[in-house]
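Analysis of the macromolecular model
The lines below spell out each chain.
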Amino acid sequence: MSSPLVDRMEPHAETIFATMSALALEHDAVNLGQGFPDTDGPEEVLEAARAAITAGHNQYPPTIGIPTLREAVAAHQARHHSLRHDPATEVLITSGATEAIAASLLGLVSPGDEVVTFEPYYDSYAAGIDLAGGVRRTVPLSYPDLTFDPEQLAAAFSERTRVVLLNSPHNPLGKVFTRAELEVVADLARRHDAWVISDEVYEHLTFDVPHVPIATLPGMAERTLTIGSAGKFFSVTGWKVGWVTGPAALVRAARVVKQYLTFTTASPLQHAVAHALDLGAQVLTDLTDSLQERRDLLVAGLADAGLDVRPSDGTYFVVADAAPLGVPDALQWCLDLPAAAGVAAVPVSVFCDDPQRMSTLVRFAFCKQVPVIEEACRRLAAFTG
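Criteria and cut-off values
Along every chain, residues carry numbers that run from 1 in the direction the sequence is written. Where totals are concerned, whole chains, interfaces and linings use all residues; where local detail is concerned, this predicted model gives features only for residues with pLDDT of at least 70, and gives and counts side-chain atom pairs only at 80 or more. As a rule here, side-chain values cover all heavy atoms of the structure and leave hydrogens and water aside. Secondary structure elements follow DSSP: runs of H or I of four or more residues count as helices, runs of E of two or more count as strands, with numbering from the N terminus. C-alpha atoms define the radius of gyration, and 2.2 Å times the number of residues to the power 0.38 defines the globule rule. Working definition: with a 1.4 Å probe on protein chains only, accessible area under 20% of the residue-type maximum means buried, over 50% means exposed, and in between means partly exposed. In what follows, a contact means two residues having at least one pair of non-hydrogen atoms within 4.5 Å. Charged residues are defined here as Lys and Arg on the positive side and Asp and Glu on the negative side; His and the ends of the chain fall outside this count. Lysine's charge is taken at NZ, arginine's at CZ, aspartate's at CG and glutamate's at CD. UniProt positions are given in the numbering used here, feature names are shortened, and annotations may be inferred rather than shown by experiment. Site definitions follow a grid-based scheme: protein atoms alone, a 1 Å grid, a 1.4 Å probe that fits but cannot get out for cavities, and for pockets an open set with protein on both sides within 12 Å along at least five of seven lines, plus lining residues having an atom within 4 Å of a point. Grid points are joined across faces, edges and corners, and a volume is the space filled by probe spheres set on the points. Under the grouping applied here, Gly and all other residues not named as nonpolar or charged are polar, the nonpolar ones being Ala, Val, Leu, Ile, Met, Phe, Trp, Tyr, Cys and Pro and the charged ones Asp, Glu, Lys and Arg. Only the stretch in contact is used when a helix axis is fitted, and all axes are lines through C-alpha atoms; the angle between N-to-C directions ranges over 0 to 180 degrees. Each angle receives one of four descriptions, namely roughly parallel if under 35 degrees, roughly antiparallel if over 145, roughly perpendicular if within 65 to 115, and oblique otherwise. Two strands are said to pair when DSSP picks up at least two bridges between them. We call a crossover right-handed when, viewed with the strands running away from us, the connection from the first strand over the helix to the second turns clockwise. Just so you know, the domain bounds were taken from an automatic or database domain assignment. Once two parts are put together, the accessible area they lose, assessed with a 1.4 Å probe and summed over both, is termed the buried area. By definition here, a salt bridge exists when the distance from a side-chain nitrogen of Lys or Arg to a carboxyl oxygen of Asp or Glu is within 4 Å.

As for the overall build of the protein
- Across its full length, the protein holds 13 helices and 13 strands.
- Computed over the C-alpha atoms, the radius of gyration of the protein is 20 Å, within 12% of the 21 Å expected from 2.2 N^0.38 for a compact globule of 385 residues.
- Across its three principal directions, the C-alpha atoms of the protein cover 60 × 55 × 50 Å.
- Out of the 385 residues belonging to the protein, those deemed buried represent 57%.
- Long-range contacts, defined as pairs at least 24 residues apart, comprise 75% of the intrachain contacts of the protein with a sequence gap of at least 6.
- Side chains of the protein carry 27 positive and 47 negative charges; the gap between the two charge centres is 6 Å.

Considerations on the UniProt feature "domain: Aminotransferase class I/classII large" (unreviewed entry) in the protein
- Following the UniProt record, one finds the feature "domain: Aminotransferase class I/classII large" (unreviewed entry) at residues 28-380.
- Between the first and last C-alpha atoms of residues 28-380 the distance is 14 Å; the span itself is 41% helix and 16% strand.

Quick look at empty space enclosed by the protein
- All told, the structure shown has 1 cavity of 30 Å³ or more when counted by the stated rule.
- Counted as a void, the largest cavity has a volume near 30 Å³.
- Surrounding the largest cavity, Thr117, Phe118, Pro120, Tyr121, Tyr122, Tyr125, Leu165, Leu166, Asn167, His170 and Asn171 form its lining.
- Within the residue set of the lining of the largest cavity, elements represented by two or more residues are strand E3 (114-119) and strand E5 (161-167).
- Ranked by residue count, the leading element in the lining of the largest cavity is E5, at 3 residues.
- Of the residues that constitute the lining of the largest cavity, the class distribution is 7 nonpolar, 4 polar and no charged.

Observations regarding the packing of helix H11 (residues 281-304) against helix H13 (residues 370-384)
- As a packed pair, H11 and H13 sit with axes 9 Å apart at the nearest point and diverge in direction by 10 degrees. On the basis of the axis angle, H11 is roughly parallel to H13. Between H11 and H13, the contacting residues are Arg294, Leu297, Leu298, Gly301 and Leu302 on the first element and Val370, Ile373, Glu374, Cys377 and Leu380 on the second.
- Its residues assigned to classes, the contact of H11 with H13 comprises 7 nonpolar, 1 polar and 2 charged.

A closer look at the pairing of E3
- For E3, the buried fraction is high: 6 of the 6 residues fall into the buried class.
- In the sheet, E3 pairs with strand E4 (residues 135-140) via 6 bridges, with the strands oriented parallel. Following the sheet pairing, Glu114 is matched in E4 by Val135.
- A crossover links E3 with its parallel partner E4, the connecting element being helix H5 (residues 123-132), and its sense is right-handed.

A look at the domain arrangement of the protein
- The assigned domain composition of the protein is domain 1 (7-41 + 282-382) and domain 2 (43-278).
- Inter-centroid distance (C-alpha atoms) of domain 1 to domain 2 is 24 Å.
- If you look at the interface, domain 1 gives 40 residues, while domain 2 gives 41 residues.
- Carbon and sulfur atoms make up 61% of the area that domain 1 and domain 2 hide from each other, which totals about 3500 Å².
- Residue Arg357 is joined to Glu119 by a salt bridge in which the shortest nitrogen-to-oxygen separation is 3.8 Å.

Section: the sheet that holds strand E12 (residues 346-347)
- With respect to topology, 4 strands assemble into an open sheet ordered E9-E10-E13-E12, the strand pairing being antiparallel. Each edge of the sheet is formed by a strand with only one pairing partner; in this case those strands are strand E9 (308-310) and E12.
- In this structure, E12 lies alongside strand E13 (residues 361-365), joined through 2 bridges in antiparallel fashion. Bridging across to E13, Pro347 finds its partner in Val362.
- Strand contacts of helix H12 (residues 330-341): E12 and E13, with the helix running at about 40 degrees to E13, the strand carrying the most contacts.

Encoded structure:
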């Protein structure tokens, strides 16, 4: 009997994160594959969630999100980026950024519409585009400089281009797009009258390179949906509280779909995130400083193990080239690594339409405690000899 799964979703049957986390568990490996912190977020944020449960915020909240959180998100965008949004119509609370991406794609993309995105891309992008019946047009980011060819980007656009799906800071590469690069993207989006969905969940987790929201560029606020995530801001990834901001008509497109995906998002956690967003910048700065120290520790450890490492400009991740170890295929190397070395990581090639382009690159997560990173580096060094 053939699989009952529809053909367009067969390539997305299991994420690489589920595969690698299962192997890590099976072999008691240090899991540097999946990007979640192994410590809780700030105690004040956790206590706000407990208090919200005790206060009785345990029933359905509004589909678009509780007013206090929508107001807090709008205030965040104004405070950090001078972007002004009406909390009543231009902010939507979602069950994580993954739902925000899916709802935005499903609300804006019709079958046959083209979606331009950079490669490698976070895996939910391809799944979301396929769910919507869209056609993916990818533009490669080069390695190790992580730039793109403007002519290749221009060639990816056509009269069928409906959406540009952008990710900065970028997962998996840890790249932060420069203003000049974003201006190239913005110019093409305006010329082709395309919407932009901008995944900026790591906006506060950047090192040495400033984050520039594409919505702040001339003529882009009115055509951009910006996606954020409390999970990344406050190290509470299991809460799955995200949001979408942008012009009312675009936010409505995502909202109409969202109500038939999860209908709404956990009420007490929304109250806690609203509180967290009002705590001030120091909470975010402390997390970024801590992550930068752990990034530097992992970069040094990977280099000691013989990998060629490109330091990350942002996110939870650093990418290393395993080619100096004689590795021709990072996918197979990563599948073998948990048993062979006691470490789990993710091959970058699984995020590419052309896997050969980045066939020897590996993504490692540094959002772990220092002793965990040190142990992973020790195991890798012992394995590579």
